[in-house]
Structures are given as C-alpha cells and as structure tokens.
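Inside the fold
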Amino acid sequence: MMRLALRTLRYRKGGFLATFVAVVFGTAIVMACGGLMETGIRSNVAPQRLAATSLVVTGNQSHLRPGAEDATPLPERVGVPTTLLPKIQSTQGVTAAVGDYTFTTITTPTTGPGAGAGPGGAGGPLVAEGHNWSSAVLAPYHLSSGHAPRSGQVVVSSGKVGQHLTFLINGEPRTYTVSGIAAGPAGHAFFNDRDAAHLVQNPARFADIGVQVASGTDLDKVQKELKAIDPNLTVRAGVDRGLAEHPDAESHRTALISIAGSFGGIATMTMMFVVASTLALAAQHREREFALLRGIGTTPGQVRRMILGEALLVSLPAVALGAIPGFFLGRFLFNQLASHGVASPVVEFYQGLIPFAAGAGAAVLAAIGAALIAARKSAKIRPVEALAEASLQRKWFSWIRLFFGLAALGGGLALLIVTATVMSGPLAAATAGPSVLCWAIGVALLGPFWTKLVLAIWRWPVQALTRVNGRLAIRNLSARSVALSAAVTPVMLAVGISTANLYMQTTQVHASSTAFTRDLRADAVLVSDAGLSSQLLNQVRATPGVASASAYVRSMGAVDEPRNAPFDEDGAPVVGVDAQGADGTAPVRLTAGSLTGLSGLTAAIPESMATKTNHGVGSDITMTLGDGTTVKLKVVATFAAERGYETIMLPATLVAAHTTDGLTKQFLVRAAPNADVRPALAKLAAAHPGVQVADRSALVATNVEDLQTQAWVNYMLVGMLIAYTAVSVVNTLVSTTLRRRREFALQRLTGSTRFQVLRMLTTESTLITLTGITLGTAVALACLLPYSSKVSGSAIPTGPVWIYLAIAAAATALTFLSTLIPATTALHHSPTQPTHAD
C-alpha cells in the first residue's frame, strides 16, 4: 500500500498541497514557540561585570506568603545585607568576597577646563550604573591610565584623565574628576568606596557579593555552605551569574515562558485542527477512488494503511521544510518581545532539538490523527454505498463527533459561567481566553448543523437580492451542506479567534485607564529618570498657582497578613504618595480616615479589602515590599477601588526606599482653580537637568504601559494565528472550488455562460462569508460579553469598530479570492475537455 500511496502522491500533488502547506506553517509556528519557551527556561545571560567571579551571592527574588502554595516574585532587587560579608569571607574554600554597590547615574559632560565627552564617548547624556571601586575586580577592570578614585573622583571606561563629568545621582547634579580609565564593559562608572556608600540609597545592602573560590575547591559544596548562612540568599554559578547583573531577566523569564506556553498551546491546537480539516477534505474528494478500490477487493485495513502512508509521506518532508522558517521565526519573535520590554534583551536566544521535536512531533501526530479519522469512514463503507456517496456527500453525523462537539460546547459554557460569576477584573481573561477555543471547536465539530441554521437566516435576503443566481446558489449549498460546513469553518475560526482576542485587549486597556483616571486629580507631572529630589518638591509646592504636589512611586509587594486579602500570587500593586489633605493629588476616593497621617509605617487600603478581612482604619497589616523587606503597617485610611484594580497606598519615601534604584521619578502637581502652572513648572524644570514637565496623559500612559505591551504581544501573536487560519481558508476554498470543475462543465453544456457561473459562485461566496462571519461573531461574543461585563462593568466590549470591520473585510476578501480565482481558471477550459479529480 505504500507503493500505491507513492503513486497517488505523484499524480495528485494538488490534492495534498493544502496539507503540505498547513504542516509547514504549523511546524514553523510551534517550533518558534518552543524556542521561546526553551529560551525562557534557560534564561542564559553571559556575565560581564561579574565575569571574574566563581560564585555570585544575591538575594532571593521571590517571597512565599504564609499559607500560600506559590511564591510571589519580587520585582525589585533584593540585595544582600552588608553584615553577611564577613561570614561569606570566612566560609571554607572562599579566598575573597567583595560587595558591590549599584546605583543609577546619568552622565552629562560639563563645559570649561577639562570638559569633554562622557564615558561613552558621546556628548549627550548617558544612563549608566555607578559602583564602588573595590567591586571593579569582579569584572575585572584594569586601569589603562590614571589611578584609583579618591574622594570626588571617578573611574570610567573611556574618556580622558582629568576630565570633569557631571552625574545626576538621586536627582541632584554632582561633578567628579576622572582619575583613571579602566578597560572593561561599558556603561559603568566606579567611585571611591566611601563616596559610593554615601550615594547609594540603601548602604546597608549590597546589590550582590562576588565570591572567589580556591582552585580545586568543590563549587557545589561551597554553594551549599553559602546558602546555609541565610535562607534568603541565592548563590549563582556559571552562566547564571549574568542574572545577578540583570535581575530583570529573572522577572521576564516567567512572562516569556507563559507567553510561549499559552500561544504554543493555541497554535498547536489550531494546527491540528487545520491539518485535520485539510486531510479530511482531501479524503472526501476521493470517495469515488476509494469506492473503486473497495469494489476491486481492497480491504478496509489496506485503505487505512494507504491513507496513513500518504499522510506520513506528505508530513515528513513538510516538517523538514518547516524547520527552516521556524528557526528564523523564533528569533524574530524573541527580538520583537525584547524590543518591547516583554523579554530581556540580554538573554541569549536558544533553540535546540527540543523545540524542533515539539514542532515536528505535533505536526506528524496531527497528520497521523487526521489520517486515521479521515480513513475511518472510507475504509468501513461498503463498495455500493461508497459509489453512491462519492457523487454527493450528505452524511456527517457520528456519535463520536457529537460527543466531542457537545463536550467542547459544554466547556465553553462552563468557562462562560465561571467568567461571569467567579472571576473579577483582569483575572477574567484567565477563563475568557480559553473559552474562545472551546466554542470554536464545538461549533466546528457540529458545523453542518450550525451552518444550516445560519444559512436558513441569510438565504431569504440573499435570494431576494440575487434572484435566479441566488436560488441556484442556495440550492447548491443546501444540497452540499457538508462541503459548505468545511468552507465556513476556517472563516469562523479566523473571525472568532481574532475578534475575541483583539477586543479583549482593547477592553482591558480601556477599563484600566478608566479605573485610574476616574480619581486622578493631577494637572501636571514632573518626570526624571535620574530621580527627583525633596528640595525640588518643596520648590514645586512653593510655585504660585500650585495647590498641591506629591511624590509618586509605583512598585509591587505581597500582603502577608491578613491572608485573605484580594490579591493573587503575582503580588499587590503598591503606590507611594506623600501625606496630604483633601485637596491632594492622590488618585483615590477616600471612604474612611485621612491621608494626612500617611507617613512612616502606615498604609491606605481598598475598602473591599477592609470589608473582606475586617481590617479597617486603626488596624495593622503585614506586607513584604518589592525588595523582600517585611514591614508592619497601620491602616490610616480606606478608599474605593474598582474590583480587580485594587492597590495599596503607602508613603512615597517608604516605597522608594525599597525599589531597585531607590528613586522618586515622578511628582504629581495639582493646580489651583483657574491657574495655569505649566509655564512656571517648565521654567523650574529648565533649572534642573534631566527634569521634564508632562501633562496627566503621561501618567495615564505609564499606568497602562504594561497592558499596552501585553496588548501588542497579543496583537502580534494573534496576527500570526490569523495568517495561519487564512492559509486554511485559502486551502479549503481553492480545493473545494477545483473539485467542482465537472459541475461547472455541466452547467456550461446546459447553456450557462461563464459569467453566469461566476455570478452563482459570487452568491455562494457571499453566503459562505456571511455564515462564517455570523458564527465567528457568535463565538467571539460568547467570550466577550461575560468578560467585558466583569472587566468594565458593561457587557459591550470597548474598542474601535474598525477592528471588527477589518476582520470581516479580510475574511470576505479571502473567501471571494479563494473561490473566484480558481473558478475563473477552471472556466477557461472547454466544457468538453476531460477533467480529473484534482
């Protein structure tokens, strides 16, 4: 039967082209997602500044809340207490241990004697990291000229000895003299150890400690002994040392793995469905051939083996070809994710044999499974019935198909109910997203039933507008209900999946912006990447026309007590502001207490949290802040908050002190009635290098920045799925149209012109498009209505209508082009010319 399968492929290349293309694209997409996942799991970051160390000791970047099953990631650098340095130095096998202070510096070259370009060699500002000079040996850096820095001096990687550089540190300009040039990784400036301890925000903690181990010492044993010093320490060796230099790479790991896993799962299911549909359609078009084989004595097992062999002969070369674009697609996706802040750009992209095995295995298994399903009917049917069935397929129902179809619809209904009753706010996406696949699979498996139902709705207006051609098209589609379902299904998938995913993102972004701006009372925002000083804040408050001004800092934390606070394992959003009265800029609506006492170890919490946990004004809560520091806070106020968008408000100084850079980068300013403070603020900002004035839209943009990034990622990934589904649309419709060449020839011989045949096909394409868009819209609404009602309080999704119109237009264009172009080609042949099955 394999010899027969080879001959079949030789003479039926066009019939298997759709399956070949589907497997190629499916392999590429799944392999690319596998590469992203492997990259995230490995998270290999080559060490640079810490390359000369044997081991690097850092803080544990996660926190396990009491009673929680999963640890909460800590977004800020945890650091290592300086008191642990002597213990680390005295550990057996350790020859040296050096603590590293790290802080943000922005370099601006000064004018005058000795002035010149900054450390990077350019004349503009340069964002870099400042360190203590003793930590330079961890790279190691070597002085090529000059000497080690003394007080008021700095060593940089390029420039001139004696040059004066102005650094913006902690929001204040400070001028230092270059004492030496040290060759090593760029972007780092080294200060005298005492100066560094004064400049860093938290001198009680090192960013990390580099450890040198004696030659021949067992590193694993030293690692265990270092971990035993403090359970909150993490000891890194080998390539993992780079994660200590770039702690953001650790936090990006989870995001990259989750994106690759979720999208890879959806892509795998979509590929299996598309490959199965193309193989099933190819098998349906060959019923006459199978009837002949059964009529000459071929057994059902032989037919199954032939179909399975054909599937393998098509899928194996397709897998090999799909691996080539899969490699480049994976790297392209990683570069895009890194450029948009989803993945860390310092992580090394890695795509080994495991992603290839995943993509190849999924594609081959999809082809084998689809072949077995397609061969089931062709192998079991009696020869006489097969000959009758070959002319026009009417049977589609089976108990297996009914079971899985109802199971998928039941899963979609269950997820709809959970989304509408249990989930809240942004968490609703966790159940609303998978429901789209359940609804789509359920509708596809029971496609002939749903297409007949929708066709019964659209047939009358279409027939009234098209008359004779409409009646003929409707009778064709009614008689060919199974073929109609095969043509409608990919259109439904493209419209349903894309509409649901895109409008989920637009609804989420709009809801978050609305929740944030509802109580936002700031009229202007002062921004600086180098940090804003308390002296500048006092000057802003003294500016004429300013009614109120406050520092504004954002971070994440974890609520330890009470345990039933309304926050998940991802942590609790934390906002830091200054103590203020009723005319303050804090973006909240107080329901109890006052923010005038928000200082020291105090907090304002959402009213929902106070009600749920019975912790109102005057009670105490325990939190772990972003750098792992646990604090006990007294509640001084409660405020109203949208469910799912709750935050905890703390003093700005407290939040800033427990962030990675320890900086306050934004001031909120509220103007007095009828006062325009922007000119005065602009003049004040001009006197402070690095400070800029923006309106409240900048604050809103910062608040939804993560959501916009997530939306962009989903747009890109959903776009790939849409493109892949479009391949299925084209494959299905082109194959179906070419299959009908005998029918077109018969119409021509009975008096129909080419134009009349094309008009009939145009009407059929219109009905297929309308049916597919209708079912796809219903699938999308089944996901969007409960999701939108939970996220935004309205059942109507939020987003521009042009998104839906563009999706519908794309589906329409694909359907018409995939039908009319092959039909026009087929009609160029004489109706008396012999035709073949493919």
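Structural data are supplied above this passage.
Residues numbered from 1 in each chain as written. Predicted model: local features only at pLDDT ≥ 70, side-chain atom pairs only at ≥ 80, totals over all residues. Heavy atoms only, no water.

Some details on the sheet that holds strand S15 (residues 233–237)
Spatial ordering of the open sheet is given by S5-S14-S1-S15, a layout of 4 strands whose pairing is antiparallel. Since the sheet does not close on itself, it has two edges, and those belong to strand S5 (94–100) and S15, each with one partner. Mean inter-strand twist for the sheet, computed between neighbouring axes without regard to direction, equals 25 degrees. Here strand S1 (residues 55–59) pairs with strand S14 (residues 208–213) via 3 bridges, running antiparallel. Note on S14: the bridge partner recorded for Leu 55 is Val 211. (Pairing = 2+ DSSP bridges. Helix = DSSP H or I, 4+ residues; strand = E, 2+ residues; numbered from the N terminus. Axes fitted to C-alpha atoms, helices over the stretch in contact; angles between N-to-C directions.)

What about the environment of Ser 728?
In this fold, Ser 728 is placed in helix H22 (residues 705–739). Among the residues examined, Ser 728 registers a relative accessible area of 3% and is labelled buried. Sequence spacing of Ser 728 and Val 21 is 707 residues, and the spatial spacing of their C-alpha atoms is 9.0 Å. Each residue touching Ser 728, except ones within four places of it in the same chain, is listed here: Val 274, Ser 277 and Pro 490. (Buried < 20%, exposed > 50% of the residue type's maximum accessible area, 1.4 Å probe, protein only. Contact = heavy atoms within 4.5 Å.)

What about the nonpolar core?
Soluble, globular proteins show a tendency: their nonpolar side chains are buried together. Judged by nonpolar contacts, the single largest core of 50 residues is most densely connected at Leu 36, Val 275, Leu 337 and Leu 717. Looking at this core, the elements with two or more residues in it are helix H2 (13–42), helix H7 (247–284), helix H8 (287–295), helix H9 (300–339), helix H10 (353–380) and H22. With 11 residues, the single largest contributor to this core is H7. When sequence neighbours within four positions are dropped, the list of residues in contact with Val 275 reads Thr 19, Ala 22, Val 23, Ala 366, Ala 367, Ala 370 and Tyr 724. (Core = buried A, V, L, I, M, F, W, Y, C linked by side-chain atoms within 4.5 Å.)

Describing the environment of Ala 204
Counting through the fold element by element, Ala 204 comes out in the loop between helix H4 (193–199) and strand S13 (205–206). Given the relative accessible area of 43%, Ala 204 is considered partly exposed. Considered as a pair, Ala 204 and Val 80 are 124 residues apart in the sequence and their alpha carbons are 8.5 Å apart. Leaving out residues up to four positions away in the same chain, Ala 204 has contacts with Val 80, Pro 81 and Thr 82.

Some points on a negative patch on the surface
Taken together, the side chains of Glu 69, Asp 70, Glu 569 and Asp 570 define an acidic patch exposed on the protein surface. With respect to the helices and strands, the residue Glu 569 is situated in the loop between strand S17 (546–561) and strand S18 (572–577). Glu 569 gets classed as partly exposed once you look at its relative accessible area, which sits at 32%. (Patch = residues over 30% accessible without salt bridge, like charges linked within 9 Å, V, L, I, M, F, W, Y side chains within 5 Å. Areas by Shrake-Rupley, 256 points an atom, 1.4 Å probe, with all protein chains shown as cover. Salt bridge = Lys/Arg side-chain N within 4 Å of Asp/Glu carboxyl O. Lys, Arg positive; Asp, Glu negative; His and termini not counted. Charge placed at Lys NZ, Arg CZ, Asp CG, Glu CD.)

Some points on the packing of helix H24 (residues 754–791) against helix H25 (residues 801–827)
Put simply, H24 and H25 touch, their axes get as near as 9 Å, and they point 150 degrees apart. Compared by their axis directions, H24 and H25 come out roughly antiparallel. Every pair of crossing elements has a handedness; the one defined by H24 and H25 is right-handed. Contact with H24, carried on its side by Arg 754, Val 757, Leu 758, Leu 761, Thr 762, Ser 765, Thr 766, Ile 768, Thr 769, Ile 773 and Thr 777, involves Tyr 804, Ala 808, Thr 812, Thr 815, Phe 816, Thr 819, Leu 820, Ala 823, Thr 824 and Leu 827 of H25 and no other residues of that element. (Parallel < 35°, antiparallel > 145°, perpendicular 65-115°, else oblique. Left-handed = near helix turned anticlockwise from the far one by under 90°.)

Some thoughts on the packing of aromatic side chains
All told, the structure shown has 11 aromatic pairs when counted by the stated rule. Ring plane angle 75 degrees and centroid distance 5.0 Å describe the contact between Tyr 176 and Phe 191, whose orientation is recorded as edge-to-face. Taken together, the positions of Tyr 176 in strand S11 (residues 172–183) and Phe 191 in strand S12 (residues 188–191) put the pair 15 residues apart, joining distant regions of the chain. Judged by relative accessible area, Tyr 176 falls into the buried class, the value being 7%. For the pair Phe 327 and Phe 328, a centre-to-centre distance of 5.6 Å together with 80 degrees between the ring planes defines the contact as edge-to-face. In textbook terms, an aromatic cluster arises when at least three aromatic residues are bridged by ring pairs, as seen for Phe 103, Phe 167, Tyr 176 and Phe 191. (Phe/Tyr/Trp six-rings, centres within 6.5 Å; stacked < 30°, edge-to-face > 60°.)

Here we look at the side chain of Ser 43
By the element assignment, Ser 43 lies in the loop between H2 and S1. At 2.7 Å, the side chain of Ser 43 forms a polar contact with the backbone oxygen of Gly 40. Here the side chain of Ser 43 touches Arg 253 through a polar contact of 2.9 Å, side chain to side chain. The contacts of Ser 43, once residues within four sequence positions are left out, are Leu 243, Arg 253 and Val 347. (Polar contact = N/O pair within 3.5 Å; in protein donor to acceptor, adjacent residues only side chain to side chain.)

Looking at the pairing of strand S10 (residues 164–169)
Walk down a regular strand and you will see the side chains alternate between the two sheet faces. Burial analysis of S10 places 5 of its 6 residues in the buried class, which makes it a mostly covered element. The pairing of S10 with S11 spans 6 bridges and is antiparallel. Considered in S11, the bridge of Ile 169 is made with Glu 172.

Looking at a nonpolar patch on the surface
Residues Leu 321, Ile 324, Phe 327 and Phe 328 make up a contiguous nonpolar surface patch of about 390 Å² in total accessible area. With respect to the helices and strands, Phe 327 occurs in helix H9.

Looking at the packing of helix H23 (residues 741–749) against H24
With their axes 9 Å apart at the nearest point, H23 and H24 run at an angle of 135 degrees to one another. One way to sum up the angle between H23 and H24 is to call them oblique. Regarding H23 and H24, the two cross each other, and that crossing is right-handed. Contacts between H23 and H24 involve Glu 743, Phe 744, Gln 747 and Arg 748 on the former and, on the latter, Arg 754, Val 757, Met 760 and Leu 761. The residue inventory of the contact of H23 with H24, partitioned by class, reads 4 nonpolar, 1 polar and 3 charged. (Nonpolar A, V, L, I, M, F, W, Y, C, P; charged D, E, K, R; others polar.)

Points about helix H17 (residues 534–541)
Taken together, the buried positions of H17 are Leu 536, Leu 537 and Val 540. Taken end-on, H17 shows its buried residues confined to a sector of 105 degrees, consistent with a single buried face. Against strand S16 (524–527), S17, strand S24 (666–671) and helix H20 (678–686) lie the buried residues of H17. (Arc of directions from axis to C-beta.)

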